[in-house]
Amino acid sequence: AQSVTQLDSQVPVFEEAPVELRCNYSSSVSVYLFWYVQYPNQGLQLLLKYLSGSTLVKGINGFEAEFNKSQTSFHLRKPSVHISDTAEYFCAVSDPGAAGNKLTFGGGTRVLVKP
Amino acid sequence: EPEVTQTPSHQVTQMGQEVILRCVPISNHLYFYWYRQILGQKVEFLVSFYNNEISEKSEIFDDQFSVERPDGSNFTLKIRSTKLEDSAMYFCASSVGDTIYFGEGSWLTVV
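As the structure is a computational prediction, the values presented were derived from the model and not from experiment. (Residues numbered from 1 in each chain as written. Chains lettered and ligands numbered in written order. Predicted model: local features only at pLDDT ≥ 70, side-chain atom pairs only at ≥ 80, totals over all residues. Heavy atoms only, no water.)

Caption draft 1: Up close: the overall build of chain B. Looking only at helices and strands, chain B has zero helices and eleven strands in total. In sequence order, chain B lays out its α and β elements as β-β-β-β-β-β-β-β-β-β-β. The C-alpha atoms of chain B give a radius of gyration of 13 Å, which matches the 13 Å a tight globule of 111 residues would have. Considering only C-alpha atoms, chain B reaches an extent of 35 × 25 × 25 Å along its principal axes. Taken across its 111 residues, chain B has 46% of its residues classed as buried. (Helix = DSSP H or I, 4+ residues; strand = E, 2+ residues; numbered from the N terminus. Rg over C-alpha atoms; globule rule 2.2 N^0.38 Å. Buried < 20%, exposed > 50% of the residue type's maximum accessible area, 1.4 Å probe, protein only.)

Caption draft 2: Broad picture of the sheet that holds strand 3 (residues 19-24) of chain B. Residue and element names in this part refer to chain B. What the four strands build is an open sheet, ordered 1-3-8-7; its pairing is antiparallel. If you trace the sheet from one side to the other, it starts and ends with strand 1 (5-7) and strand 7 (65-68), each paired once. This sheet shows a mean twist of 20 degrees between the axes of neighbouring strands, independent of strand direction. Of the pairings in the sheet, the one linking strand 1 to strand 3 comprises three bridges and is antiparallel in character. Paired with Gln6 across the two strands is Cys23, which belongs to strand 3. (Pairing = 2+ DSSP bridges. Axes fitted to C-alpha atoms, helices over the stretch in contact; angles between N-to-C directions.)

Here's what the structure looks like:
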């Protein structure tokens, strides 16, 4: 069985400061990794994904994440946040060998960007 | 850009009533899903659907739940007799490859 842990439930950050959201997973098989963002009163939007290849992946809105297999981590970073980045961020994994790519989500990290 | 659309956006229902949540997945997608998020909790997988049948379901998806693709475009989730603990945001999603795309969700409040 897979599981995802997001170590920080809330992260307050000042505008233009960097932010890192931590994600660790456990799985007995190789995984695909995803970050989704949920803006207030909206659905889940894909930020970025790691399937294979380069361990540093870039996504939308200036976000990037690094896959670290030895540490089973997939931390999300942005060098300079904007007020509009205030949202909840979800890390998720799926099993590449399974049909249908069912996602297992972490508990989410709520980012509050302060002016 | 194509998107998954869901209706209704909000629904309030009395305990014991039947509810149907509707979704229009992205047109060329092959897999369809329902997830839910109880307030303050994780997003949880309910069920996946492929080739007109359930391909996987979680332990949450008991006999009170059913899914259907009644025509070529809609994908529905039915809860036969709602309970207070069914109050949640329900997300429909679809995929054709390795990435799942979500709708904006349907808030269900059971009173």
